[in-house]
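Spelled out from the first residue to the last, the chains are:
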Amino acid sequence: MAGRALPRITRSIALLLVSVLVSYVVASAALCPRAHFEDRTPRPPAAAVDHELAAVGLDDSTPVLARFGHWAWRALHGDLGRTIDGGSVNAQLGERIGVSVRLLLVGTLAGAGLGVLAGVWAAVRRGRLPDHAMTVLSFLVLSVPTFVLALLLKDGALSFNHCLGHTVIRYTGESTPDHKGTWTSQLADRSSHLVLPAATVALGSIASYSRYQRAATLDLLAADHLRTALAKGLTPGRALLRHGLRVSLIPMTTFFSFGFLTLFTGSVFAEQIFGWPGMGSWFLEAAQEGDVNSVVAVCLFSAVTVLLAGLLADALLLVLDPRVRR
Amino acid sequence: MSTVLELRDLHVGFGPEHAAVRGVDLVLRRGEVLGLVGESGAGKTVTALAALGLLPSRATVRGSVRLLGTELVGLPVRDLARLRGRRIAMVFQDPLAAFTPVHRVGDQIGEVLRIHERPRPGRRSARQRAVELLTELRVPEPQRVARAYPHELSGGLRQRAMIAMAVAGRPDVIVADEPTSALDVTAQAEILAALEDARAATGAALLLVSHDLGVVAGAADRVAVMYAGRVVETGPAHRLFGNPRMPYTMGLLAAAPRLDAAHALSQMPGAPPAPGEPVEGCAFAPRCPVARPECESDDPVLTPADGAPARADDGHLVACLHPGVTAARTAADLYPTSAPPAPRPPGDVTALRVTALRASYRGRRAVHHADLQVRRSETVALVGESGAGKSTTLERIIALGAPESGRIEVLGRDTARLGRSEVRRMRGRVQIVLQDPSATLDPRMTIARIIAEPLEAQRAPRDRTAARVRELLAEVELDPGTAGRRPPQLSGGQRQRVALARALAVRPELLLLDEPVSALDVSVQAGIIALLRRLTSAPGSPACLLVSHDLAVVRQLADRVVVMHGGRTVESGPVDAVFDRPRHPYTRLLLSAVPTLGRPRPAGPPAAFEEAAAATGCGFRARCPVYRGLPAEQRLSCERDLPAPAVDGVACHFPHADGGMPLRGRPASKGHPPVQ
């Protein structure tokens, strides 16, 4: 097992390094940090701008690869450089990473879990109302852009709150500022803030997972081993649970590693629209300001999470399917 | 004996127009074996599934299925589940697909106990009981098998585990649906023995469903023959096989190739009605040589054969409006037969020579040392179990490239030295026909285009093409009107004829046949065998290399035979010599394992057939009865030295002397009388 995992992890790390290099070069080419400093009134002298750029490691007179080398050397020592305002990228990252991880975690779990359940349900009720309803709903969700979906959800929450007469679902920030109380009331507060962004991120996943899971389950319902399970004396429900579900999840692991990427993109919109101070909103702000180091930090984060999702998918496959173990 | 399972007037339909089973009556008594035979589409499997209430929900079931007095038709799913596994259990055809791939075999066997026994046994004790069940069925290394996942076991072991699962609940009825069809002959014999063991241990009655008459003849007490969704003849096995009365049964039995000699095969005209095709009167009437006008309209019912008084369900019953007509006749009087061609002197020119071939399949060495030779106007058969390297050898020959090691000479040319354009020209001289014609013919092309394609590939003049296609259709005995149709509109036999016509279009000098009749039903197979006999014995016919696992078919078609085991040629020679006086212990094992009409199943405990790849010495010694009987000092040569490769001989340190076959008595001393 270790013999297989090691080369896989080595490959992932190599891929990570390549991805960081590419992000750095592309970000340096596409963004113009000089504009951020020049864009002040009164316009500062060129020498002052050069000085400020050099201070945050974005001196555009040194070649980009040299700048990358310098950045990478410090990054290896645990320092991801300065933001364009001179702050520490590490500090920003520390503040924001928890916010994003929470959103992504909840989105992934809800997306995969509910998606699989919905898919199985649709397959078992094939050709009947639940199946048709699921089909229509999934295609609706998949065909609406994430930001439209987010705004629709926000609108929905507003009228929901209005009907109830007080604010149950919150739509700005990830917690109420200065909220004090026991940890249960803290949790309730955080949850009420989490609902909308998590739903924005998860709905797309649920829709696509459920389609794949439905197809996988339909294949399975016709499988010989499910008939064997019935012949042994299991009821259809138990047969599906014990002999079907795990087998049908095997092809889903491949999809899981790809699906995570879509989820990540969705989270960028969700954070921006619902005012979550996470990695996604940081990325958008940094890109506007020409903050190369911050953009690269977000890219690094996304590369790590995507690769981790891939490793997780592989591990899941090994757990689920004895045929791939050797 | 009391009745355990009773089917009365069972009808099963899929949709309003599609009747799969049209009124079946069957009775199974405690402890007996009832064989249910028929060709594909006859409704055997549907009947078997109905006995467990396992039909898909879209099936409509009418009539009655009573298990130990309980009516199963219309029984709620929950109550059915309580009976399944405990009162009635099933063994499926393909054990790899029938086991759940992600659970250990022992747990899957033990699950039956955990479902039905109260108090519910724990996981550990269920697993322990699974090992006991495997031991009971004489599975070698039962602990290891119980711990294994299904994909880690050989087909034979998997099927024995499946049988252990079926007997776990000590059922009163076991239904086995084609339990040996997915297996090699050697594993087949062991599965039949294991079913017998299982039955003896539990006292269960067995409903054995098979298309293989030999399997049923060797195992069943009583037999029911199905045709187009009905039982058309039933009776005690020895009477039915010895003296069949329904014209269909007679034709079917006389169409089955035998292992002991190349013989005349009866050819029934036409094909059975497609499943769901509406039937009026006797379904067999369109193919029946003695049909009268009323057969087309009146429904025959099962009546005692030969007017003999018989207790219902026990005697010999025939569903024929004129059972007397066949009384004094044999199948040879009813159907045209194709006699084996007269033996020919083999040509002296070599068409194909494979020497010391080594080849890999998917990164694993599949062929270690293959030697074979095919001369002009000769048919050579390559036989062996799956995994013996037959297909890989064939694949290397048709590749017309350089082998990893060894030498392939096709029509006098070393394939390693062929240039690109020479390979293209050579492809016109070597053709191949594969097992499954529905997979090898493009369903969107017309038959005429399919047959014309090799002509176009070889740049034959276009104006001659249409005439050549007509000629070829006549040669493979197809109607000229077939040219405009497409493969899905044809039956399996017709499709294989098209595949043959395509191969013959360019007048090849070497024809490779990979299991050409294995996918076909017996009655259709007889026609293709007859056609192949004619095509390969005509003057100027191509040399043939036939790959087949079916030794009875090989006996009918081949002049010489090459036996492969574990990637090596172990014996070769003229087919009569090898089949009648096999010298290599592996050849003897193969031949003795074939279940054949007119010969009782070989007795004795099954040999442990899991074989560890031996690093040195003879690769067969783990299974070899000769090795087992040798004194230690003589065993040494089997363990140390690879037997010399066989060129028209035998690769064995201790081959049997050239005389007779002591492993089995022939002709059959007891059992069923030979069929004619």
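Caption draft 1: Fine view of a nonpolar patch on the surface. A surface patch of nonpolar side chains, about 330 Å² in accessible area, is lined by Phe147(A), Val148(A), Leu152(A) and Phe269(A). Tallying contributions element by element places helix α7 (residues 146-164) of chain A first for the nonpolar patch, with 3 residues.

Caption draft 2: Quick look at the interface of chain B and chain A. Across the boundary between the two partners, chain B contributes 28 residues, which contact 22 residues of chain A. Across the chain B/chain A interface, buried area totals approximately 2,100 Å², and carbon plus sulfur atoms make up 61% of it. Counting across the interface, chain B meets chain A through 2 salt bridges. Across the salt bridge formed by Arg242(A) and Glu111(B), the nearest N and O atoms sit 3.0 Å from each other. At the surface where chain B touches chain A, the tally comes to 13 residue pairs in polar contact (both at pLDDT 80 or more). Those elements that place two or more of their residues in the side of chain B that touches chain A are α2 (77-83), β6 (88-91), α3 (95-98), α4 (105-116) and α7 (155-167) of chain B. Of the residues that constitute the side of chain B that touches chain A, the class distribution is 18 nonpolar, 6 polar and 4 charged.

Caption draft 3: Focus on the confidence of the model for chain A. Averaged over every residue, the pLDDT of chain A is 88; residues scoring 70 or more account for 99%. Looking over chain A, one finds the lowest element-wise mean pLDDT in helix α2 (residues 33-38) of chain A, namely 84, and the highest in helix α9 (residues 224-232) of chain A, namely 95.

Caption draft 4: Spatial organisation of unusual backbone geometry. Residue and element names in this part refer to chain B. Put simply, Arg118 and Pro119 share a cis peptide bond, and its omega is 0 degrees. Counting through the fold element by element, Pro119 comes out in the loop between α4 and α5 (123-136). Of note in the backbone geometry, Arg138 takes a positive phi value of approximately 55 degrees without being a glycine. Note on placement: Arg138 falls in the loop between α5 and α6 (142-147). The partly exposed category is assigned to Arg138, whose relative accessible area is 42%. Non-glycine residue Glu515 carries a positive phi angle of around 50 degrees. Counting through the fold element by element, Glu515 comes out in the loop between β21 (510-514) and α19 (522-537). By relative accessible area, Glu515 is classed as buried at 9%.

Caption draft 5: Layout of the environment of Pro403(B). Residues and elements named next belong to chain B. By secondary structure assignment, the location of Pro403 is in the loop between α13 (390-399) and β18 (405-410). For Pro403, a relative accessible area of 14% gives the class buried. With 46 residues separating them in the primary sequence, Pro403 and Leu357 have C-alpha atoms 7.1 Å apart. If near-sequence neighbours (up to four positions away) are discounted, Pro403 is found in contact with Leu357, Ile408, Thr415 and Ala416.

Caption draft 6: Region of the structure containing the pattern of salt bridges. Taken as a whole, this structure holds 47 salt bridges over all chains when the rule is applied. Measuring nitrogen to oxygen at the nearest pair gives 2.6 Å for the salt bridge that ties Glu111(B) to Lys232(A). Pair noted here: Glu111(B) is in helix α4 and Lys232(A) is in helix α9, and the two residues belong to different chains. Note on accessibility: Glu111(B) and Lys232(A) belong to one class, buried. When the shortest N-O distance is used, the salt bridge between Arg555(B) and Asp576(B) registers 2.9 Å. Of this pair, Arg555(B) sits in helix α20 (residues 551-557) while Asp576(B) sits in helix α21 (residues 575-580), and the two are 21 residues apart along the sequence. With relative accessibility at 4%, the residue Arg555(B) sits in the buried group. Where salt bridges share partners, they join Arg353(B), Arg407(B), Glu409(B), Asp414(B) and Arg417(B) into one cluster.

Caption draft 7: Representation of the packing of α7(A) against helix α8 (residues 183-221) of chain A. Residues and elements named next belong to chain A. Running from N to C, α7 and α8 cross one another at 140 degrees; their axes reach a closest spacing of 10 Å. With respect to their mutual orientation, α7 and α8 come out oblique. In the packing of α7 onto α8, the handedness of the crossing is right-handed. Counted together, Thr146, Leu149, Ala150, Leu153, Lys154 and Ala157 of α7 and Leu196, Ala199, Thr200 and Leu203 of α8 form the full contact between these two elements.

Caption draft 8: How the structure looks around the sheet that holds strand β4 (residues 59-67) of chain B. Residues and elements named next belong to chain B. Strand order in this open sheet of 4 strands is β2-β1-β4-β5, and the pairing throughout is antiparallel. Looking at strand neighbours, the two that pair on one side only are β2 (19-29) and β5 (70-71), the edges of this open sheet. With 8 bridges connecting them, strand β1 (residues 3-14) and β2 associate as antiparallel partners. Bridge assignment links Leu5 to a residue of β2, and that residue is Leu28. Against the sheet, helix α1 (residues 44-51) makes contact with β1, β2 and β4, and its axis sits at roughly 120 degrees relative to β1, the strand it touches most.

Caption draft 9: Focus on the pairing of strand β7 (residues 173-177) of chain B. Residue and element names in this part refer to chain B. Taken across its 5 residues, β7 has 5 buried, putting it largely inside the fold. Inspection of the sheet shows β6 paired to β7 by 4 bridges, in the parallel sense. Opposite Val91, over in β7, you have Ala176 as the bridge partner. In this structure, β7 lies alongside strand β8 (residues 205-210), joined through 5 bridges in parallel fashion. The residue bridging Asp177 from the neighbouring strand is Val209, located in β8. After leaving β7, the chain enters helix α8 (residues 185-202) and then returns to the sheet as β8, a path that is right-handed.

Caption draft 10: Structural view of the packing of aromatic side chains. A full pass over the atoms with the stated rule returns 11 aromatic pairs over all chains. For the pair Phe264(A) and Phe301(A), a centre-to-centre distance of 5.9 Å together with 45 degrees between the ring planes defines the contact as tilted. Of the two residues, Phe264(A) sits in helix α10 (residues 236-273) while Phe301(A) sits in helix α12 (residues 292-320), which places them 37 residues apart along the sequence. For Phe264(A), a relative accessible area of 12% translates into the label buried. Here the aromatic residues Tyr24(A), Phe68(A) and Trp71(A) are joined through ring pairs into a cluster of three or more. Sitting over the face of the ring of Tyr627(B), Arg635(B) holds its NZ or CZ atom 4.7 Å from the ring centroid.

How each quantity is defined
- Residues numbered from 1 in each chain as written.
- Chains lettered and ligands numbered in written order.
- Predicted model: local features only at pLDDT ≥ 70, side-chain atom pairs only at ≥ 80, totals over all residues.
- Heavy atoms only, no water.
- Patch = residues over 30% accessible without salt bridge, like charges linked within 9 Å, V, L, I, M, F, W, Y side chains within 5 Å.
- Areas by Shrake-Rupley, 256 points an atom, 1.4 Å probe, with all protein chains shown as cover.
- Salt bridge = Lys/Arg side-chain N within 4 Å of Asp/Glu carboxyl O.
- Helix = DSSP H or I, 4+ residues; strand = E, 2+ residues; numbered from the N terminus.
- Contact = heavy atoms within 4.5 Å.
- Buried area = accessible area lost by both parts, 1.4 Å probe.
- Polar contact = N/O pair within 3.5 Å; in protein donor to acceptor, adjacent residues only side chain to side chain.
- Nonpolar A, V, L, I, M, F, W, Y, C, P; charged D, E, K, R; others polar.
- pLDDT = per-residue confidence, 0-100.
- Buried < 20%, exposed > 50% of the residue type's maximum accessible area, 1.4 Å probe, protein only.
- Axes fitted to C-alpha atoms, helices over the stretch in contact; angles between N-to-C directions.
- Parallel < 35°, antiparallel > 145°, perpendicular 65-115°, else oblique.
- Left-handed = near helix turned anticlockwise from the far one by under 90°.
- Pairing = 2+ DSSP bridges.
- Right-handed = clockwise from strand over helix to strand, strands pointing away.
- Phe/Tyr/Trp six-rings, centres within 6.5 Å; stacked < 30°, edge-to-face > 60°.
- Lys NZ or Arg CZ within 6 Å of the ring centre and 35° of its normal.

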